[in-house]
Amino acid sequence: MLRIWGRVNSVNVKEVLWAAEELGLKYERVDAGMQYGVVQTPEYRKMNPNSLVPTIDDDGFVLWESHAIVRYLAAKHGAGTLWPADLKQRADSDRWMDWAFTFQRDFRAVFWGLVRTPPEKRDLKAIEEARKKCAELLAIPDQALANRPYFAGNSLTIGDIPLGCHVQLWMRLPIERPAHQNLGRWFDRLCTRAAFKKIVDIPLS
Ligand SMILES: N[C@@H](CCC(=O)N[C@@H](CS)C(=O)NCC(=O)O)C(=O)O
């Protein structure tokens, strides 16, 4: 049985849950992190010494780090679908997974500033600077999507998952966004997927 620890509003947990849903896996989710605690307990720290979410236990195999988990589940259950069979196509997809960390570095200030910080404590200047930087950064995936519907070609792969979760937050925030048309079409495509709607496109919190 696959067990996944993590609160549903964590972007990194969403990546794992979305991958599991796309792969049609049966799993049990355990609330953990922020208001749920759990992550500081000795039992949890034994599995994940970082006290962060997500963590999985797949029939006794414990793994943390969201991208490693998505890769593991896709390699195990999604050969030829989420996990491209072709080495170069897989490397291309893999690269976009990790590029999501480049985006996350600046996007964190925007999301935390506007969603998880009370209005009187917001550093609006820092939020605006980070927003501008994110808008510039997103021109890179926008360009990459000019000639293909998904990051690794014609279908959804691991490369779409982390960025899909981050771009959902970006698209749903009440902020100014440049018209990245290819990225916008890709996001619309994601929004037609049942698993994306169920796991990722939920209200911001
Ligand atoms: N690189 C790690 C980062 C994990 C991480 O930072 N998780 C956040 C949630 S997105 C967390 O656990 N925050 C503390 C908490 O929720 O209590 C991964 O991708 O899994």
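If you're wondering where the values come from, they're calculated on a predicted model, not measured in any experiment.

A. Up close: empty space enclosed by the protein. Using the criterion set out here, one finds 1 cavity of 30 Å³ or more in the structure. Of the voids in this model, the largest cavity is the one considered here, and its volume is about 30 Å³. Residue composition of the lining of the largest cavity, by class: 5 nonpolar, 2 polar and 1 charged.

B. Quick peek at the site of the ligand. The ligand sits among Arg7, Ser10, Asn12, Gly33, Met34, Leu52, Val53, Pro54, Glu65 and Ser66. Here an oxygen atom of the ligand and a side-chain polar atom of arginine 7 are 2.9 Å apart. One nitrogen or oxygen atom from the side chain of asparagine 12 is found 3.4 Å from an oxygen atom belonging to the ligand. Burial of the ligand by the protein amounts to 76% of the accessible area it has alone, namely 510 Å². The cavity that encloses the ligand is the largest pocket. Of the residues that constitute the shell around the ligand, the class distribution is 4 nonpolar, 4 polar and 2 charged.

C. Expanded view of the layout of surface pockets. A volume near 650 Å³ is recorded for the largest pocket. Taken together, 26 residues line the largest pocket, and the ones lying closest to its centre are Ser10, Asn12, Leu52, Val53 and Gln104. Secondary-structure elements contributing two or more residues to the lining of the largest pocket are helix H1 (11–22), helix H4 (87–115) and helix H7 (161–172). Considering each element in turn, the lining of the largest pocket owes the most residues, 6 residues, to H4. Its residues placed into classes, the lining of the largest pocket shows 12 nonpolar, 10 polar and 4 charged.

D. Spotlight on the side chain of aspartate 106. Along the chain, aspartate 106 turns up in helix H4. Despite its burial, aspartate 106 remains without a salt bridge, the nearest opposite charge being carried by arginine 105 at 4.6 Å. Not counting residues up to four positions away in its chain, the partners in contact with aspartate 106 are Ala130, Lys133, Cys134 and Leu137.

E. Main features of the pairing of strand E1 (residues 2–5). With 4 bridges joining them, E1 and strand E2 (residues 27–30) adopt parallel strand pairing. Its bridge partner lying in E2, arginine 3 is registered against glutamate 28. As a crossover connection, the stretch from E1 through H1 into E2 is right-handed. By the bridge criterion, 4 bridges tie E1 to strand E3 (residues 55–58) in an arrangement that is antiparallel. Residue pairing in the sheet places tryptophan 5 in a bridge with threonine 55 of E3.

F. Representation of the state of the cysteines in the model. If you walk through the whole model with that rule in mind, you get 0 disulfides. Here cysteine 134 stays unpaired: no disulfide links it, and the sulfur of cysteine 165, its closest cysteine neighbor, is 16 Å away. Classification of cysteine 134 as buried rests on a relative accessible area of 0%. Here cysteine 191 is not cross-linked by a disulfide; its sulfur's nearest cysteine counterpart is in cysteine 165, at 12 Å.

G. Molecular detail of the sheet that holds E2. Taken in spatial order, the 4 strands of this open sheet run E2-E1-E3-E4, and their pairing is mixed. Strands at the two margins of the open sheet, each flanked by one partner only, are E2 and strand E4 (61–64). Going across the sheet, the axis of each strand differs from the next one's by a mean of 20°, ignoring polarity. Of the strands in this sheet, E1, E3 and E4 touch helix H3 (residues 66–77), which is tilted by about 135° from E4.

H. Seen up close, the packing of H4 against H7. Look at H4 against H7: their axes get within 9 Å of each other, and the N-to-C directions meet at 25°. On the basis of the axis angle, H4 is roughly parallel to H7. Crossing angle aside, the handedness with which H4 passes H7 is left-handed. Here Trp96, Met97, Trp99, Ala100, Phe103, Gln104, Phe107 and Phe111 of H4 lie close against H7, whose contacting residues are Pro162, Leu163, His166, Leu169 and Trp170. Residues of the contact of H4 with H7, tallied by class, amount to 11 nonpolar, 2 polar and no charged.

Thresholds applied
Once a new chain begins, its residue numbering starts again from 1 and follows that chain's sequence as written. Residues qualify for local features only when their pLDDT is at least 70, as the model is predicted, and side-chain atom pairs are given and counted only at 80 or more; totals for whole chains, interfaces and linings, by contrast, use all residues. Think of the side-chain values as coming from all heavy atoms in the structure, minus any hydrogens and water. Note on definitions: the grid is 1 Å and covers protein atoms alone; a cavity is a set of points where a 1.4 Å probe fits but cannot get out; a pocket is an open set with protein on both sides within 12 Å along at least five of seven lines; lining residues have an atom within 4 Å of a point. Grid points are joined across faces, edges and corners, and a volume is the space filled by probe spheres set on the points. Side-chain classes follow a simple rule in which Ala, Val, Leu, Ile, Met, Phe, Trp, Tyr, Cys and Pro form the nonpolar group, Asp, Glu, Lys and Arg form the charged group, and the remainder, Gly included, forms the polar group. Nearness of a residue to a molecule or strand requires only that one of the residue's heavy atoms be within 4 Å of it. Side-chain atoms alone can form a polar contact between residues adjacent in sequence; in general such a contact is a pair of N or O atoms within 3.5 Å, and within protein one must be able to donate a hydrogen while the other accepts it. In short, Shrake-Rupley with a 1.4 Å probe defines the accessible areas, and a residue's cover is counted only from the protein chains shown. In this scheme, a molecule is assigned to a cavity or pocket if more than half of its atoms are within 2 Å of the grid points. Here a helix means four or more residues in a row that DSSP labels H or I, a strand means two or more in a row labelled E, and each is numbered from the N terminus. Each residue is placed in one exposure class: buried if its accessible area under a 1.4 Å probe, protein chains only, is under 20% of its type's maximum, exposed if it is over 50%, and partly exposed if it falls in between. Positive residues here are Lys and Arg, negative ones are Asp and Glu, while His and the chain termini are left out of the count. Whenever a carboxyl oxygen of Asp or Glu lies within 4 Å of a side-chain nitrogen of Lys or Arg, that contact is scored as a salt bridge. The contact criterion used throughout is that any non-hydrogen atoms of two residues lie within 4.5 Å. One requirement defines pairing of two strands: DSSP has to find at least two bridges between them. Consider the strands pointing away from the viewer: the crossover is right-handed when the path from the first strand over the helix to the second runs clockwise. We call a pair of cysteine sulfur atoms a disulfide whenever their separation is within 2.5 Å. Here the axes come from fitting lines to C-alpha atoms, over the contacting stretch only for helices, and the angles between their N-to-C directions go from 0 to 180 degrees. Throughout this description, any angle smaller than 35 degrees is read as roughly parallel, any larger than 145 degrees as roughly antiparallel, any in the 65 to 115 degree range as roughly perpendicular, and the remainder as oblique. Helix crossings get a hand from a simple test, with the near helix turned counterclockwise from the far one by less than a right angle marking a left-handed crossing and a clockwise turn marking a right-handed one.

Geometric values such as these leave the question of function open.
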